[in-house]
Amino acid sequence: MRIRKLGLRRYGKFTDGVIDFGERSAGAPDLHIVYGPNEAGKSTAMSACMDLFYGIHHQSRFNFLHPYPTMRIEGELEIFGTVRNFSRIKLPHNSLLDDAGNTVAEAMLLGELGGLDRNAYQTMFCLDDETLEAGGESILASKGDLGHLLFSATAGLADLSDRLGSAKAEAESFFRSGKRSGVLADLKKELAALKDERDRTDTLASEYSRLVIERDEASSAYTEALAQRGRTQARIDEVQRFISALPRLQTFRSLRADLLPLAALPDAPSTWVDDLPTLMTRQTKLATQAQTVAETIADLRDELGRLVVNASACGLEDRIELLTDLRARHITAEKDLPDRRLSLGLAEQTVARVLTHIGRDSEQDPARLVLSTAVAGPIRDLMERRSGVEAALAAAEAEVDKAVEALSLAEANIEERDGGFDEAATSVLTAAIATARQIDDATRSRAADRLCRERADEFNDRLIELRPWTGDRNALCAVQVPTQDQLQRWASIEADLALEIASRQGEQDRLAAEAGRLDAKIEALGSVVGVVSDKDAGEARSAREAAWAIHKAELDAKTAITFETAMRKLDLITEQRFSHTARVAELNSALLEQAEVRAALAQIRRQLEESARKRVAVAGEIENVLRAIGHGLEIDMGLAGFSLWIRKRDRAIEASGKLLTAERECREAQIETNGSRERIAEAMRLAGVDISQDDDVAAMLATGQVALDRTVDAKNLRAAIADRRRDLRFREKKLDDARLAEEAWNKAWREACATCWLGQCEIEPTTAVVRETLEALAQLDAALQKRVEWADRIAKMQRDQAQFRTEVDALAASIGLSPSSDTLRLCQAVLDCVAATAKMLGRRLDVEARLAVEQDKARALADETAELQAQASQMMNLFGVESLTEVDGRLRALARKSDFEARSAKARDELLEGVRAETVEDAESILDTIDRGSLGAELIALKKRFDDEDGRSRDLFSARNRAEDKITAVGGDAAVAILEARRRTVLLTIEDRTLAYLRLKLGTAAADRALRAYRDRHRSSMMMRASEAFALISRGAYSELVTQPSNGSELLIAKGSDGGSKIASELSKGTRFQLYLALRVAGYHEFARAQAPPPFLADDIMETFDDFRAEEAFRLLAGMAATGQVVYFTHHRHLCEIAKAVEPTAIVHDLQSGTRVRATSRAA
Amino acid sequence: MSDEIVGSEAFRAEADGIVNDLLAHLPPECRRSLAPDDTGLDLLIGRLASEGSEEVLARLAAGSMQEVR
């Protein structure tokens, strides 16, 4: 894929922005530098590339100018060998459109991007300052491991080592072989502690039952104590209520007495209390206002009588307006007339000057000389066309000279480059070369050879996997291995024996433990005083019988004592056994069980030995077979290892078969290549091309192509001569046309001059004379128009002055003023008289209007006074009084009555609540019979009792809690269940953590193996490129990169130009950046080796590079650009110059000006 | 990685060693639950190897996504 044009229609700060990368020039690196200062939008453009490929992010930050629904990116991309236009809009789905606006499947772009997703693309084909620094740090973290470094560089994963290391550390925090610490060890300790606790809890079951009974008794006593305390508390509350109700009864009776004198007052509306003050205030206010209005009406009537108007000066408004206008014109005319007369004189002088200029000073009618547009238009048109006619004639003459020269040059070249091949020979040669290229046997041969080498490598890998077996290819096929049935039989026997041994081992362990338990039990029972076994009792009985037999025979004192001792001992044993019957039975049972367990233990040991013997026999069979195979194969690898080895052997045989096939195909391809070479050589000899016997097919094709190119050049030159001749004929015809056009112009010029007075001159005027004359005539026309205009204005001013004088005289006569010679002063007297009359009339109308308003106010005040009087009468009638002041006294008494009633109701309610009675009378009868003193004494006694009962309740509560705590401490059956549940939980935790550990452990092991495989596969090509790139970018400070084995891995080592060497992780920080860049370059080429790479985007990665390092870095980028498109974004102008110096064909795009600058042309 | 590495015999032998090493240190109840017999053990190793490689790859990819952000 390649970006030909990136259209930032509405994206970020861009509106209709375009970066045109253009078409790729053949043979030149596709390197582009996008330059722009800070905030010009470089990162935005880079982000737009990603969003075009993969869609605009759902929370894109580039919507600050164009909101999401309007965002749009366009791109002209080269994909699948064609150029296509795409648009990307902001939608969750179907956001990729073609140039017709139809939805396009995302797979179309993804397929061209090699299936890389957005993250993979960013890590592999985008590079900025941060990723470069992170890459340098990853070199440090990898400790120089080659596999990590190569994979990191190709995949762009910067801190691969850190993440793999953290995964391993996480796994080993659970378990690490050979270590006693870790999560697993902790969980096992917790499991053992739970088991011990459970065993201990079992022995406390009986104690638990006793404590439960104690707890229940304490609970009953506590409940009874609480009930008694509640009853005492209830009586205390009742006594306190009665004591509190006594003062409330007194209050109630006092209020009832206060209410009696107010009972006769009538009820009044509640609003009267608020209305009365307002009513009294309004009454006073209305009386004052009525008096004021009456006085104002009398004053206005007096003023109206004093105002008298002059009737003859009324109705002259229209004439006064006209007079004012005429006076203004009169004054303006007096001031302007001298200037206007001067302007008229200047216009007449201009006319005379122009006539002299054009040589017509004696002309009587100057207006006759001015040309109409019908005459002047064609003359001006002909003058404009004159320069075109002259230029066309000169150009045609120059083109004819040029064509003659080109024809001469082409005719000279054809004599030098004629190839000498005829058409038939050229056709034969062309067909031969085309056929050879189509077949391309050389490519097939190289492919077969490469496949053959790969198969050989694969077979060698398979042989290595068979080690320590050291046989070769023939020995591999000759190896005799057991049949699959035999292997399965051994496996079956081994599995059965393993199962059998494990089962018997478990049984043996169980029996041994059981025997130990019984031994301990018998020992414990035997140590109890009085518990004697049947055996010991039988021995005592036998001893007594023997003593009796001796005594019966001897009958002396000594035997009697001996017999007595034996008899007493037996009696004592018998008595003790009677008193411990149960323990004795238990002891006997244990002894019997011990005998059975020992017998079973002996049996299981014999069976175990038999199973072990069988297993040794099977192992012997397998070792015999391994010994027969030989070639260093280990004979103690076991059945599993042997089966694994056989599977590896099968794969090695399969690889051997593939190698044979590849070798055969390689030979066949070589034979066909040789045949093809002979055919091409024959065809070229027939075509007359000289070739060498040592040339290979490619060299022969190149020689033939050179000959063909020479023939084609000669043919092209002949065609060029024919073109030159046709061109010369065409130019000569154009020259004839130009000459004819000049003649036609001369004729039209004469005819145009003849239509006016210009044609009456003795000599035909030239275009220069006519151009000057036309400009002078334009001045003459303007001066004539000015002269007419000034004369007209002077006449109009003189007429306005006469009209003004007539109007002033007429008005003065009508209003009785004396005539005067000073017209302006008389006009002012007329205006003053009319204005004074109008002012007097206005004042009279104003006074009449104010009088009408005051009369309306007087009527409204009378109506309002009547309404107020009606309200006052209603109040006074209710209470039977004569004034509103007395009404106010009655309303205050009513308020006091209402307050007494409310307080009385409240006291009654509190009294009923305190005594818990239905009516006031009941409450009064109860309280009247109570003695306040006896109630107080009872309350004191009750409180004392309550304190005692409260203390007892607390004690009982504590006793019950202690009993509960003891039960909780013992645990009981629930504790056993809880312990068991906890134990199961720990077991499940171990299982879960085990699975997680194994997943991580196996995953990291697989990743390590994958890295080693990647290293082995890509080491040679990537190391070579990385070494070259590192030597280049370090400017020879380091000559090459080499590897060295270390503890199962390989270390990357940089060799200095001074002969020293450093492990990659020990390089300085800046050098690590350069090494990472070199590895990334090698990774890019490694990717490009397998498929066409997408565009590589870099954002100012050379911030810390000096100019020399930057120059080398650009040289690397140019190398990448030879394979695919590389775009470098920067805000440094000097980097653009460096890039152009390193790669002259690099194209610089200026984001601000929108220009596209190529350092030099491709041709250059 | 799942096809080329996890399916290989060499990796399988290494995985057997890792799993058996751990099983020997587990309580008997857990051992019986995880691997009741040889067949169960084989299945367990295959499943854990596949899941483990996917998990490690996901961790590496997740790390690269954080870098991109």
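Residues numbered from 1 in each chain as written. Chains lettered and ligands numbered in written order. Predicted model: local features only at pLDDT ≥ 70, side-chain atom pairs only at ≥ 80, totals over all residues. Heavy atoms only, no water.

**Some words on the overall build of chain B**
The test is simple: A run of DSSP states H or I qualifies as a helix once it reaches four residues; a run of E qualifies as a strand once it reaches two. Both are numbered from the N-terminal end. Methods summary: accessible areas were calculated by the Shrake-Rupley approach with a probe of 1.4 Å, and residue burial reflects only the protein chains presented.
When helices and strands are tallied, chain B shows four helices and zero strands. Reading chain B from its N terminus to its C terminus gives the helix and strand order α-α-α-α. As presented, chain B carries roughly 3,600 Å² of accessible surface, and 52% of it is formed by carbon and sulfur atoms.

**Here we look at the overall build of chain A**
The cut-off we apply is this: Exposed residues in this analysis have more than 50% of their type's maximum accessible area, buried residues have under 20%, and partly exposed residues fall in between, with area computed by a 1.4 Å probe over protein chains only. Two residues form a contact once any of their heavy atoms are found within 4.5 Å.
Looking only at helices and strands, one finds 29 helices and 14 strands in chain A. Across the 1164 residues of chain A, 38% fall into the buried class. Once local pairs closer than 6 in sequence are excluded, the contacts in chain A between residues at least 24 apart make up 73%. When the accessible surface of chain A is summed, it comes to about 65,700 Å², and 52% of that surface belongs to carbon and sulfur atoms.

**Focus on the nonpolar core**
Keep this limit in mind: Take the buried residues of types Ala, Val, Leu, Ile, Met, Phe, Trp, Tyr and Cys, join any two whose side-chain atoms come within 4.5 Å, and each joined set is a nonpolar core.
With 88 residues, the main nonpolar core has Leu 6, Phe 53, Leu 77, Phe 1030, Met 1102, Phe 1114 and Tyr 1128 of chain A as its most contacted residues. Setting aside anything within four residues of it in sequence, one finds Phe 53 of chain A in contact with Met 1, Ile 3, Leu 77, Arg 88, Glu 106, Leu 109, Leu 113, Tyr 121 and Pro 1095 of chain A. Ranked by size, the runner-up nonpolar core spans 40 residues in total, among them Leu 184, Leu 194 and Leu 1011 of chain A together with Leu 41 of chain B.

**Considering the packing of aromatic side chains**
Residue and element names in this part refer to chain A. Formally: Pairing of aromatic side chains requires ring centres within 6.5 Å, counting the rings of Phe and Tyr and the six-membered ring of Trp. Pairs whose planes differ by under 30 degrees are stacked, by over 60 edge-to-face, and all others tilted. Ring-over charges, as used throughout, are those where CZ of Arg or NZ of Lys falls within 6 Å of the ring centre and within 35 degrees of the ring normal.
Applying the stated criterion across every chain yields a total of 13 aromatic pairs over all chains. Ring geometry for Phe 174 and Tyr 997: centres 5.7 Å apart, planes at 45°, overall tilted. You can see Phe 174 sitting in the loop between α6 (160-172) and α7 (183-202) and its partner Tyr 997 sitting in helix α26 (residues 972-1033), a full 823 residues away along the chain. Where Trp 548 meets Phe 563, the ring centres are 4.9 Å apart and the plane angle is 50°; that geometry is what we call tilted. Here Trp 548, found in helix α16 (residues 534-554), pairs with Phe 563, found in helix α17 (residues 557-579); they are 15 residues apart in sequence, far enough to count as distant. Residue classification places Trp 548 among the partly exposed positions, given a relative accessible area of 38%. Three or more aromatic residues joined by ring pairs make a cluster, and in this case those are Phe 125, Tyr 1084 and Phe 1096. Here the basic side chain of Lys 90 rests over the ring of Tyr 68, its NZ or CZ set 4.6 Å away from the ring centre.

**Side note on the interface of chain A and chain B**
Short version of the rule: Summed over both partners, buried area is the accessible surface (1.4 Å probe) that two parts give up on being assembled. Only one rule defines a salt bridge in this text: a Lys or Arg side-chain nitrogen within 4 Å of an Asp or Glu carboxyl oxygen. Nitrogen and oxygen atoms within 3.5 Å of one another constitute a polar contact, given that in protein one can donate a hydrogen and the other can accept it, and given that sequence-neighbouring residues count only through two side-chain atoms.
At the junction of the two partners, chain A supplies 42 residues and chain B supplies 38 residues. Both faces considered, chain A and chain B share a buried interface measuring about 3,600 Å² in area, 69% of it formed by carbon and sulfur atoms. Its largest share of buried area at the contact with chain B, chain A owes to Arg 999, Leu 1002 and Arg 1009 of chain A, together 19% of the area lost on that side. The tally of links from chain A across to chain B stands at six salt bridges. In this structure, the salt-bridge partner of Glu 9 of chain B is Arg 647 of chain A, at a minimum N-O distance of 3.1 Å. At the surface where chain A touches chain B, the tally comes to seven residue pairs in polar contact (both at pLDDT 80 or more). Elements with a minimum of two residues in the side of chain A that touches chain B: α3 (118-125), α6, α7, α19 (638-687) and α26 of chain A.

**Notes on the pattern of salt bridges**
This model, assessed by the stated rule, comprises 73 salt bridges over all chains. Between Arg 793 of chain A and Glu 789 of chain A there is a salt bridge; the shortest N-O distance is 3.1 Å. Linking Arg 793 of chain A with Glu 789 of chain A, this pair stays in helix α21 (residues 767-814), spanning four residues, or about one helical turn. The exposure class of Arg 793 of chain A is partly exposed, given its relative accessible area of 35%. Ionic pairing is found between Asp 792 of chain A and Lys 796 of chain A, a salt bridge with its closest N-O pair at 3.3 Å. Of this pair, Asp 792 of chain A and Lys 796 of chain A are both found in helix α21, four residues apart, which corresponds to roughly one turn of the helix. What emerges from the salt-bridge pattern is a single network uniting Glu 170 and Arg 999 of chain A together with Arg 47, Glu 51, Glu 55 and Arg 59 of chain B.

**Quick word on the sheet that holds strand β5 (residues 82-89) of chain A**
Residue and element names in this part refer to chain A. Formally: In this scheme, strands are said to pair when DSSP sees at least two bridges between them. Only the contacting stretch of a helix is used when fitting its axis, a line to C-alpha atoms as for every element, and angles between N-to-C directions run 0 to 180 degrees.
Pairing is antiparallel across the open sheet formed by five strands, whose spatial order is β2-β1-β4-β5-β6. Of all strands in the sheet, those with a lone pairing partner are β2 (14-20) and β6 (96-98), marking the two edges. Adjacent strand axes in the sheet meet at a mean angle of 20°, parallel and antiparallel pairs treated alike. Relative to strand β4 (residues 72-79), strand β1 (residues 2-11) runs antiparallel, the two being bridged by six bridges.

**Here's the deal with the pairing of β2 of chain A**
Residues and elements named next belong to chain A. Two elements, β1 and β2, share six bridges in a ladder whose sense is antiparallel. Paired with Gly 7 across the strands is Val 18, a residue of β2. Counting the residues between successive antiparallel strands, the hairpin from β1 to β2 contains two residues, one of them, Gly 12, with a positive phi of roughly 60°.

**Some points on the pairing of strand β11 (residues 1096-1099) of chain A**
All names here are of chain A. Under the convention used in this document: When the strands point away from the viewer, a crossover counts as right-handed if the path from the first strand over the helix to the second runs clockwise.
The alternating pattern of β11 places Phe 1096 and Ala 1098 and Leu 1097 and Asp 1099 on opposite faces, both of which are buried. Of the strand pairs in this sheet, strand β7 (residues 126-128) and β11 are connected by three bridges, and their pairing is parallel. Directly across from Asp 128, in β11, lies its bridge partner Asp 1099. In terms of strand pairing, β11 meets strand β12 (residues 1126-1130) through four bridges, oriented parallel. Note that in β12 the partner of Ala 1098 across the bridge is Tyr 1128. Following the backbone out of β11, through helix α28 (residues 1107-1121) and into the adjacent parallel β12, one traces a crossover that is right-handed.

**Some points on the side chain of Thr 994 of chain A**
Of note, Thr 994 of chain A is situated in helix α26. In this structure Thr 994 of chain A comes out as buried when scored by relative accessible area, which is 0%. Filtering out sequence-adjacent residues up to four positions away, Thr 994 of chain A remains in contact with Phe 174 of chain A together with Leu 22, Leu 26 and Leu 34 of chain B.

**Considerations on unusual backbone geometry**
Residue and element names in this part refer to chain A. Here the bond from Arg 467 into Pro 468 is cis, since omega is 15°, no more than 30 degrees from zero. Relative to the assigned elements, Pro 468 resides in the loop between α13 (441-465) and α14 (473-478). One non-glycine residue, Asp 16, lies in the positive phi region at around 60°. A positive phi angle is found at Asn 94, which is not glycine, with a value near 50°. Of note, Asn 94 is situated in the loop between β5 and β6.

**Some remarks on the environment of Gln 594 of chain A**
Residues and elements named next belong to chain A. Structurally, Gln 594 can be placed in helix α18 (residues 581-629). Along the sequence, Gln 594 and Gly 516 sit 78 residues apart, while their C-alpha atoms lie 9.1 Å from each other. The residues touching Gln 594, leaving out its near neighbours within four places in the chain, are Leu 518, Asp 519 and Ile 522.

**Topic: the packing of helix α9 (residues 272-306) of chain A against helix α23 (residues 884-915) of chain A**
Helix packing for two helices is described by the angle between their axes and how far apart those axes are. Residue and element names in this part refer to chain A. Going by this rule: The labels follow the angle: roughly parallel below 35 degrees, roughly antiparallel above 145, roughly perpendicular from 65 to 115, and oblique for the rest. Each crossing gets its hand from how the near helix is turned against the far one by less than a right angle, where anticlockwise is left-handed and clockwise is right-handed. Note on residue classes: Ala, Val, Leu, Ile, Met, Phe, Trp, Tyr, Cys and Pro are nonpolar, Asp, Glu, Lys and Arg are charged, and everything else, Gly too, is polar.
Where α9 meets α23, the axes come as close as 10 Å, and the angle between the chain directions of the two elements is 165°. For the element pair α9 / α23, the angle class is roughly antiparallel. Classified by chirality, the crossing of α23 by α9 is left-handed. Between α9 and α23, the residues in contact are Trp 272, Val 273, Leu 276, Leu 279, Met 280 and Gln 283 and Leu 884, Thr 885, Val 887, Asp 888 and Leu 891, respectively. Of the residues assigned to the contact of α9 with α23, the class counts are eight nonpolar, two polar and one charged.

**Re the environment of Leu 346 of chain A**
All names here are of chain A. Looking at the secondary structure, you find Leu 346 in helix α10 (residues 317-357). The class for Leu 346 is partly exposed, based on a relative accessible area of 48%. When the C-alpha positions of Leu 346 and Ala 783 are compared, they lie 8.9 Å apart, and in sequence the two are 437 residues distant.

**Regarding the packing of helix α1 (residues 42-54) of chain A against α3 of chain A**
Residue and element names in this part refer to chain A. The N-to-C vectors of α1 and α3 enclose an angle of 145°; their axes lie 11 Å apart at closest approach. For the element pair α1 and α3, the recorded crossing hand is right-handed. Contacts between α1 and α3 involve Met 50, Asp 51, Phe 53 and Tyr 54 from the former and Arg 118, Tyr 121 and Gln 122 from the latter. In the contact of α1 with α3, the residues fall into four nonpolar, one polar and two charged.

**Description of helix α27 (residues 1069-1090) of chain A**
In an α-helix, one turn spans 3.6 residues; hence positions three or four apart end up facing the same way. Our working rule: Residue count minus one, scaled by 1.5 Å, sets the expected span of a helix.
In this model α27 of chain A runs 32 Å from its N-terminal to its C-terminal C-alpha over 22 residues, within 8% of the 32 Å that 1.5 Å per residue would give. Counting buried positions over the 22 residues of α27 of chain A gives 18, a clear majority of the element.

**Let's talk about the confidence of the model for chain A**
Selection rule: Here pLDDT means the predictor's own confidence in every residue, given as a number from 0 to 100.
The predicted model of chain A has a mean per-residue pLDDT of 82, with 93% of residues at 70 or higher. A low-confidence stretch, residues 1158-1164 of chain A stays under pLDDT 50, and its non-local contacts, those more than four residues away or across chains, total 14 contacts.

**Notes on the environment of Lys 658 of chain A**
All names here are of chain A. Mapped onto the fold, Lys 658 is located in helix α19. By relative accessible area, which is 31% here, Lys 658 ends up partly exposed. Setting aside residues no more than four positions away along its own chain, Lys 658 makes contact with Arg 455 and Glu 458.

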